[in-house]
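In case you want the letters, here they are:
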Amino acid sequence: MTDFIIQFFYFPLPGSILFASLISLIYLINSFLCKHITGKADLLQLSLLPAFYFLICYESTEFPVSWVVGVLLGLLAIRAIVSIPFRYARWLSAVLLLAVLIYSVGPLIVLVTLLIVAVPCFFARFVTYRITNDKTILLFSLPVLLLYAGVTFYFFVHSYSTRERQMIEAGKCVKEKDWNGVLAISARYHGTNQLLSYFTNMALYHKGRMPYDLFKYPQSAGVESLYFPWKSDSRQSEYGHFIYEELGYLNEAHRWAFEAMVVFGETAPNLTNLIRYNIANNRPLVAQRFINILKQSLFYKKEAIAYERMLPSGKVPGLKALSHQEGKPARFANVMNLGPELRYLCERDSSDRMAFEYLMSDLLLSNQVVRFVENLGRIRAFPYPALPTLYEEALYIYKLGVDEKTFNSLGFTVSKQTEIRFNAYYKLLKSGNMQLLKDQFGDTYWYYLNFTSPYGSKIINK
Amino acid sequence: MVVITNLLVTGCINAPVTPDDTIKTYPVLSPDYTGATFPSNIAPPNFVIKEDGEAFSVEFGTDGHTLFSYTIDVPEVIIKERDWHKLQKAAAGKTFFIRITVLRNEKWLRFADVTNTMSDKAIDGFLVYRLLYPGYELWNEMGIYQRDLTSYDETPLIENNELEKGCVNCHTFSRNSPENMMIHVRGKLGGTIIKHGDKLTKVNVKGEGMPNGGAYAAYHPSGKYIAFSANEIQQFFHSTGSKAIEVSDLESDLMVYDVEKNQIITDSVISGSHFMETFPNWSPDGSQLYFCRAAAYVKGMPLDSIRYDLFRIAFDQDTQHFGKPECVYNASSKGKSVSFPRVSPDGNYLMFTQSDYGNFSIWHPESDLCLITLSTGKMRIMDEVNSNNVESYHTWSSTGEWFVFSSKRQDGLWARPFIARFDSKTGKAGKPFVLPQRDPEFYDNFTKTFNLPELIIRPVKDGNSFVREARNKPKQVNP
């Protein structure tokens, strides 16, 4: 039932209307039950409280949908029971329905539902039962309603999380590949968040700004702002696949997507990912199984049929797959560190610009300036107009630590402008005016290395 | 028109049709219930006719006589239990036919008869397996279930939602009997629940100073001992290709747990730093312990160079002493690796899984079932049951006349239990068939994998007692 309800969010507006209706129904049915059972109106409007409570709870995506569905089913069951005119049939059906409810929604939800019904009934029967005059009823109900509305409004605003909304929006933008949207949200976001950094860095790559603007956005998570190291964290499982999909590293993307399905169930997004990866990875029979499940959904059937048509070709638009090298020794993914995987991807395909930029970003973010310089030669495979700013900044740090001959052997030069900028940075650093330093150089690699890097301010050379 | 009208009204009629034409090709059935030998007590093998048609006539019979038939407007053939029992009785020890006629363009077209065999031998009545997503590392919902093979009834033995979402695994029985059995529970309520007769005990099967606890187990036929391997197991993930996961031991040793004395017996001949020993299995008389052995893992060693040979070692139940390890099959010299040795109940054969490397064959598409005749040492690959995908975990029935095994032949990801007849005189198996389900399209939509199928003669009673025991603190083994 919960899954049935959730699928209507395929269309955001009808989904929201449906959900609002469910919450409203809780009030309406409860109010009706109070009148039916006690013969008195719920003058204290206590039937409203569960609906208001759910309204606040469902501001968070964490609160299980099963609660509203379970309570509603419980109320409907009680509604059905009280409608039975014959006493024995009523009791018999009450016992049967209670057993079915406990089995299907769990004893806790059933208990809460009984309380939701019992409380207004109790007050209507024993507290407010003397009030019969219409004017008095109005005078009594109005302040109560205003009080509830005020308190709900307060808690609603108080518990509303702008950050959570922004994260949901950012996730939506990533799925839609709206990279400008991701960067706009990132610019508005106050504070740091690993997931948002992860999305932002993907957007930077797609906008061609990664080697220039990486440090214009918070990177306090270090290399973990590029990917999620595997920590068996079920919460992260639904996000890890994005970067691997973009890199064409579909075995890893599949692993993350599968873990997400294990944790969050056979949801349409999880099934869709698994279908796409299995088609592109030449596992049509596995893809077919997931297609069979997706076909059973209300709104994804057409999508499932479209994927079914892709099965013979093994191709999914917009998805590239790293080919398997038959006869080569087995190679296993490093699930804790993306660095070796990026080097592997660069070695497999020297023209893979995303793998290259991520590798360079990984080395910069991990303070590995020497290894960054060792890998800088790969840049010659790409038509950058000039050495990107951040790469020059890192290269200049390297230059300061080696002799001229060693530096010259690299075949790269650092522009005069970068040297001047570094001198200005250094001067400001020595002056101790940290705010000005941050304002003027907060987006440089030098500042990251000195102040932001979670790995300390030293170059790591190993 | 009459047929169509009948179909419209009832959806099913029972008179066979007269064909307008016949062809010599066989119809495609899903699951593939053709040429198989069915136990005399198995539930009806429902199937889908994978042929185009507007209506379908299916006749079942033996000795040239049709015993019952269905004419249906959908290609799903759901055999009524009453009809199936009639066929089981009439065709016991003989072949039976499935005759399929399809209505196409207002003409009935008959295919060549599909032939199967109905054995007069029954299979053990229950199959125990774990159901879970064939995932990588995380788990959410899983459980161990027992299926009544004579019907489609499946009941949970233990489910992890009652155990704080811990992992339940490695259900092991002594001589296909639920009297002596064990289950591992991992997580907060971790421990090994051992059932010895009527007594249930939760034990932390880990010897003093041993780095790893008991993992893969084999219950001794006497019920007095359980052989365990103690493994350090790690998962690795293939960067590319159809193999997704490699599960490898970095360390493993064998030990024997004395159920009555709550003690661990081990010996340098089955444990130590030179070799990795795993997957123990007892001979039916309990005098020999079979196991897989590979050279110890050294850091940096390529995982695809680890190969296991088949060994056995004598075990004296009274003195609890081991003999000397003896190589039964040197797979590594052939570039192969052995896992899951299982000796047949008569002690004449040993079935194992062979793959290119490692021991976790369920993730190796090349893995095949093999058979050794123990009296001659002759090994053969069981081509009659293998496919071009995974064949892995297997269990003999208590009589040795049947065996069940995991195969991923349907799609390459989900393991399904296949059952095959075994002729102990010839050492040959019949064509396997997938465990019948009420819904013939069950396997097309079911996304859990059947893990460790084990045949048992009676159902395990009171699964709740395992849950209750799991909530207790595990007992430490006596020094």
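What counts and what doesn't
Residue indices follow the written sequence of each chain, beginning from 1 at its first position. Each chain takes a letter, starting from A, and each ligand takes a number, starting from 1, following the order in which they are written. Residue-level local features of this predicted model are given only where pLDDT is at least 70; pairs of side-chain atoms are given and counted only at 80 or more, and the full residue set underlies all totals for whole chains, interfaces and linings. Numbering of helices and strands starts at the N terminus; helices are DSSP runs of H or I of at least 4 residues and strands are runs of E of at least 2. The reference for a compact globule is 2.2 Å times residues^0.38; the radius of gyration itself is calculated from the C-alpha atoms. In this scheme the burial state of a residue depends on its C-beta neighbours within 10 Å: 20 or more other such atoms mean buried, 12 or fewer mean exposed, and anything in between means partly exposed; the C-beta positions come from the backbone. Two residues qualify as a contact pair if the distance between their C-beta atoms, derived from the backbone, is within 7 Å. One fewer than the residue count of a helix, multiplied by 1.5 Å, yields its expected span. The split of the chain into domains comes from an automatic or database domain assignment. Under the grouping applied here, Gly and all other residues not named as nonpolar or charged are polar, the nonpolar ones being Ala, Val, Leu, Ile, Met, Phe, Trp, Tyr, Cys and Pro and the charged ones Asp, Glu, Lys and Arg. Criterion used throughout: strands pair if DSSP finds at least two bridges between them. Axis definition: a line fit to C-alpha positions, over the contact stretch in the case of helices; interaxial angles, taken between N-to-C directions, run 0 to 180 degrees. Per residue, pLDDT captures the predictor's confidence, and it can take any value from 0 to 100. Convention used here: angles under 35 degrees read as roughly parallel, angles over 145 as roughly antiparallel, angles from 65 to 115 as roughly perpendicular, and any remaining angle as oblique. Each crossing gets its hand from how the near helix is turned against the far one by less than a right angle, where anticlockwise is left-handed and clockwise is right-handed.

## Considerations on the overall build of chain A
No. 1: In terms of helices and strands, chain A carries 24 helices and zero strands.
No. 2: For 462 residues, the compact-globule formula gives about 23 Å, and the C-alpha radius of gyration of chain A, at 30 Å, lies well above that figure.
No. 3: C-alpha atoms of chain A, sized along the principal axes, occupy 100 × 60 × 30 Å.
No. 4: For chain A, the proportion of its 462 residues judged to be buried stands at 35%.
No. 5: When contacts within chain A are restricted to residue pairs at least 6 apart in sequence, long-range pairs at least 24 apart make up 64% of them.

## Section: the overall build of chain B
No. 1: When helices and strands are counted, chain B shows four helices and 38 strands.
No. 2: The dimensions of chain B, computed from C-alpha atoms along their principal axes, are 80 × 50 × 45 Å.
No. 3: Burial analysis of chain B (479 residues in total) assigns 48% to the buried set.
No. 4: Considering only contacts within chain B whose residues lie at least 6 apart along the sequence, 57% involve residues at least 24 apart.

## Quick notes on helix α15 (residues 284–295) of chain A
Each full turn of the α-helix corresponds to 3.6 residues, which orients residues three or four apart in the same direction.
No. 1: In this model α15(A) runs 16 Å from its N-terminal to its C-terminal C-alpha over 12 residues, within 8% of the 16 Å that 1.5 Å per residue would give.
No. 2: Of all the positions in α15(A), only A:V286, A:A287, A:R289, A:F290, A:I291 and A:L294 are classed as buried.
No. 3: Residues of α15(A) that are buried make contact with α14 (268–280) and α16 (301–310) of chain A together with α3 (442–445) of chain B.

## Remarks on the environment of B:F403
All names here are of chain B.
No. 1: Within the secondary structure layout, F403 lies in strand β33 (residues 402–407).
No. 2: F403 sits 290 residues away from D113 along the chain, and the two C-alpha atoms are 27 Å apart.
No. 3: Those residues in contact with F403 that sit more than four places away from it in its chain are M351, H394, T395, W396, S397, A420 and F422.

## Some thoughts on the domain arrangement of chain A
No. 1: In terms of domains, chain A is made up of domain 1 (2–160), domain 2 (230–323 + 332–336) and domain 3 (341–452).
No. 2: Among the residues making up the side of domain 2 of chain A that touches domain 3 of chain A, the classes are represented as four nonpolar, one polar and one charged.

## Concerning the domain arrangement of chain B
All names here are of chain B.
No. 1: The domains assigned to chain B are domain 1 (2–118) and domain 2 (126–476).
No. 2: Taken together, the contact pairs 16 residues of domain 1 with 17 residues of domain 2.
No. 3: Taken together, the elements giving at least two residues each to the side of domain 1 that touches domain 2 come down to β5 (47–49) and β8 (76–77).
No. 4: Among the residues forming the side of domain 1 that touches domain 2, the class breakdown is 11 nonpolar, four polar and one charged.

## Quick look at unusual backbone geometry
All names here are of chain B.
No. 1: Going from S30 to P31, the amide bond is cis rather than trans, its omega being -5°.
No. 2: Secondary-structure assignment places P31 in the loop between β3 (29–30) and β4 (37–38).
No. 3: Of note, N262 is a non-glycine position whose phi angle comes to about 55°, a positive value.
No. 4: Inspection of the secondary structure assignment puts N262 in the loop between β21 (245–258) and β22 (263–265).
No. 5: Of note in this structure, L452 is not a glycine but carries a positive phi near 50°.

## Things to note about the sheet that holds strand β13 (residues 143–148) of chain B
Residue and element names in this part refer to chain B.
No. 1: Ordered by their spatial adjacency, four strands build an open sheet running β14-β13-β12-β37, and the pairing between neighbours is antiparallel. Two strands close off the open sheet at either side, each with one partner strand: β14 (154–159) and β37 (449–456). Shown here is a sheet whose adjacent strand axes are inclined to one another by a mean of 25°, direction ignored.

## Quick notes on the confidence of the model for chain A
No. 1: Of all residues in chain A, 99% have pLDDT values of 70 or greater, and the mean over the chain is 92.
No. 2: When mean pLDDT is compared element by element in chain A, helix α18 (residues 353–365) of chain A scores highest at 98, while helix α1 (residues 2–6) of chain A scores lowest at 71.

## Re the packing of helix α3 (residues 48–57) of chain A against helix α7 (residues 134–159) of chain A
The axes of two packed helices give the description: the angle between them and the distance between them.
Residue and element names in this part refer to chain A.
No. 1: Between α3 and α7, whose axes approach to 9 Å, the crossing angle comes to 15°. Comparing the axis directions of α3 and α7 gives the class roughly parallel. Classified by chirality, the crossing of α7 by α3 is right-handed. Contacts between α3 and α7 pair L48, L49, F52, L55 and I56 from the former with Y148, T152, F155, F156 and S159 from the latter.

## Looking at the confidence of the model for chain B
All names here are of chain B.
No. 1: On average, residues of chain B score 94 in pLDDT, and 97% of them reach the 70 mark or higher.
No. 2: Contacts for the low-pLDDT stretch residues 1–11, under 50 throughout, to residues beyond four places or in other chains number nine contacts.
No. 3: Both scores are given for the predicted complex: the pTM is 0.86, the ipTM 0.90.

## Digging into the sheet that holds β3(B)
Residue and element names in this part refer to chain B.
No. 1: One open sheet accounts for three strands, arranged β3-β5-β8; its pairing is antiparallel. The sheet is open, and its two edges are formed by β3 and β8, each paired on a single side.
No. 2: Examined bridge by bridge, β5 and β8 share two bridges and lie antiparallel to one another. Bridging from a neighbouring strand, V48 pairs with E76 of β8.

## Re the pairing of strand β20 (residues 225–237) of chain B
All names here are of chain B.
No. 1: Across four bridges, the pairing between strand β19 (residues 214–219) and β20 is antiparallel. Across the sheet, Y219 pairs through a bridge with I226, a residue of β20.
No. 2: Between β19 and β20, which follow one another and run antiparallel, lie five residues, and G223 among them has a positive phi close to 85°.
No. 3: Two strands pair when backbone bridges link them, and β20 and β21 are joined in this way by 13 bridges, in the antiparallel orientation. Directly across from Y225, in β21, lies its bridge partner D258.

## Some remarks on the interface of chain A and chain B
Many analyses report the size of an interface as the accessible area lost when the parts associate.
No. 1: Tallying the contact residues gives 29 residues for chain A and 25 residues for chain B.
No. 2: For the side of chain A that touches chain B, the secondary-structure elements that each account for two or more residues are α13 (250–264) and α15 of chain A.
No. 3: Within the side of chain A that touches chain B, the residues separate by chemical class into 14 nonpolar, eight polar and seven charged.

## Looking at the packing of helix α9 (residues 179–188) of chain A against helix α10 (residues 194–206) of chain A
All names here are of chain A.
No. 1: Running from amino to carboxyl end, α9 crosses α10 at an angle of 135°, the nearest separation of the two axes being 9 Å. If you check the angle between α9 and α10, you find them oblique. For the crossing formed where α9 meets α10, the hand is left-handed. On α10, the residues touching W179, V182, L183 and S186 of α9 are L196, F199, T200, A203 and H206.
No. 2: Among the residues making up the contact of α9 with α10, the classes are represented as six nonpolar, three polar and no charged.

## With respect to helix α22 (residues 416–431) of chain A
No. 1: Between the first and last C-alpha of α22(A) there are 23 Å, a value that for 16 residues agrees with the 22 Å anticipated at 1.5 Å per step.
No. 2: Trailing α22(A) by a residue or two, A:G432 shows a phi angle of about 80°, which is positive.

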